[in-house]
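Structure assessment
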Amino acid sequence: AYILALFALGWMMLGALTTELHALERFGLAYGIGAGIFTLAVFFTSLIGIPITLVSGAIIFAILLIICVVIARRRLEQSGEPPTKQSPPLVKRFLAPLEMPMPQIILIAFIAIVFIITFIIAAYWQPYVWDSLAVWVLKGKVIAATGALVDLPRTGWTFYPLNISLQITFLYLLGGNL
């Protein structure tokens, strides 16, 4: 549910900021944009002293969604297009690239299959390699246990980015297993 929520946030943010992206491009960028914006917002709220909890994360997420809706409405008002204008159905817009040459369709299908297999493997097996345990998971557990970024200098490798660690933090908070 957490990953789908980040995907939805990215999808909405991309829809609010640009109309030039095709549905497949938006699909490919949505998770990364959503995760990046959410963890950046969590990072800044933690720096001002708000503890990292499920409640604060839900509030931050709701605020980001409201911002997306406000931006999308303002763009629609500024464009001058009537809101009753019919756009093509989502399925039709999403499947429009299937008019591509066959090698491109095969390449996209291959990438999708690799992505699905990688996702299944990552969801099934927990991290067990030294780097992931020592850097990413340890930081995620420390943040989840303390609710702050203050104790991170004790975990080592403080120069590593916090995006993955903050995502691991919320997965631990959602699972309740520290």
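Residues numbered from 1 in each chain as written. Predicted model: local features only at pLDDT ≥ 70, side-chain atom pairs only at ≥ 80, totals over all residues. Heavy atoms only, no water.

**Overview of the overall build of the chain**
Counted only if it meets this: Helix and strand labels come from DSSP, where a helix needs a run of H or I of at least four residues and a strand needs a run of E of at least two; each type is numbered from the N terminus. The classification of residues rests on relative accessible area computed with a 1.4 Å probe and restricted to protein chains. Under 20% of the type maximum is buried, over 50% is exposed, and intermediate values are partly exposed. Contacts: residue pairs with any heavy atoms within 4.5 Å of one another. Residue-level accessible areas treat just the shown protein chains as cover; the underlying method is Shrake-Rupley with a 1.4 Å probe.
A tally of regular secondary structure across the chain gives 7 helices and 0 strands. For the chain, the N- to C-terminal ordering of α and β elements is α-α-α-α-α-α-α. Across the 178 residues of the chain, 28% fall into the buried class. Residue pairs at least 24 apart in sequence account for 66% of intrachain contacts in the chain once pairs closer than 6 positions are excluded. Entry remark: accessible area of the chain is about 12,000 Å², with carbon and sulfur atoms responsible for 72%.

**Some details on the packing of aromatic side chains**
The cut-off we apply is this: Stacked, edge-to-face and tilted labels apply to pairs of Phe, Tyr and Trp rings (six-membered ring for Trp) whose centres lie within 6.5 Å, assigned for plane angles under 30 degrees, over 60, and everything in between, in that order.
In the structure shown here, the tally under the stated rule is 5 aromatic pairs. A centroid spacing of 6.0 Å and a plane angle of 70° characterise the contact between Phe38 and Phe61, whose relative ring orientation is edge-to-face. Of this pair, Phe38 sits in helix α2 (residues 23-47) while Phe61 sits in helix α3 (residues 54-79), placing them 23 residues apart in sequence. Residue class for Phe38 comes out buried when judged on its relative accessible area of 2%. Following the ring pairs from residue to residue traces out a cluster consisting of Phe7, Trp11 and Phe27.

**With respect to a nonpolar patch on the surface**
To be explicit about the condition: Patch membership needs two things, relative accessible area over 30% and no salt bridge, and members are linked within 9 Å if like-charged or within 5 Å if nonpolar (Val, Leu, Ile, Met, Phe, Trp, Tyr). Whenever a carboxyl oxygen of Asp or Glu lies within 4 Å of a side-chain nitrogen of Lys or Arg, that contact is scored as a salt bridge.
A contiguous nonpolar patch, built from Ile3, Tyr31, Phe115, Ile116, Phe119 and Ile120 and spanning about 570 Å² of accessible area, is present on the exposed surface. Among the elements that line the nonpolar patch, the one with the most residues is helix α5 (residues 102-124), at 4 residues. Summarising the element assignment, Phe115 is placed in helix α5. With a relative accessible area of 55%, Phe115 lands in the exposed category.

**Examining helix α1 (residues 2-17)**
Given 3.6 residues per helical turn, the α-helix brings residues three or four places apart onto the same face. Put simply, the rule is: Take the residue count of a helix, subtract one, and multiply by 1.5 Å to get its expected span. Directions drawn from the helix axis to the C-beta atoms are what define this arc.
Taking 1.5 Å of rise per residue, 16 residues should cover 22 Å, and α1 covers 23 Å from first to last C-alpha, within 8% of that figure. Residues of α1 that are buried include every one of Tyr2, Leu6, Leu9, Gly10, Met13, Leu14 and Ala16, and no others. Burial along α1 is one-sided: seen end-on, the buried residues are contained in an arc of 160°. Buried residues belonging to α1 abut α2, α3 and α7 (163-175).

**Considering the packing of α1 against α2**
Condition: Between N-to-C directions, angles span 0 to 180 degrees; the directions come from axes that are lines fitted to C-alpha atoms, helices contributing only their stretch in contact. What sets the label is the angle itself: under 35 degrees gives roughly parallel, over 145 gives roughly antiparallel, 65 to 115 gives roughly perpendicular, and the rest give oblique. It is the rotation of the near helix from the far one that decides the hand of a crossing: anticlockwise by less than a right angle makes it left-handed, clockwise makes it right-handed. Here the nonpolar group is Ala, Val, Leu, Ile, Met, Phe, Trp, Tyr, Cys and Pro; Asp, Glu, Lys and Arg are the charged ones; every other residue, Gly included, is treated as polar.
Orientation of α1 relative to α2, taken along the N-to-C sense of each, is 110°, at an axis distance of 6 Å. Here α1 is positioned roughly perpendicular relative to α2, judged by the angle of their axes. Relative to α2, α1 is oriented so that their crossing is right-handed. Facing α1, whose interface residues are Tyr2, Ile3, Leu6, Phe7, Leu9, Gly10, Trp11, Met13, Leu14 and Gly15, α2 presents Ala23, Arg26, Phe27, Leu29, Ala30, Tyr31, Ile33, Gly34, Ala35, Ile37 and Phe38. Grouping the amino acids of the contact of α1 with α2 by side-chain chemistry returns 17 nonpolar, 3 polar and 1 charged.

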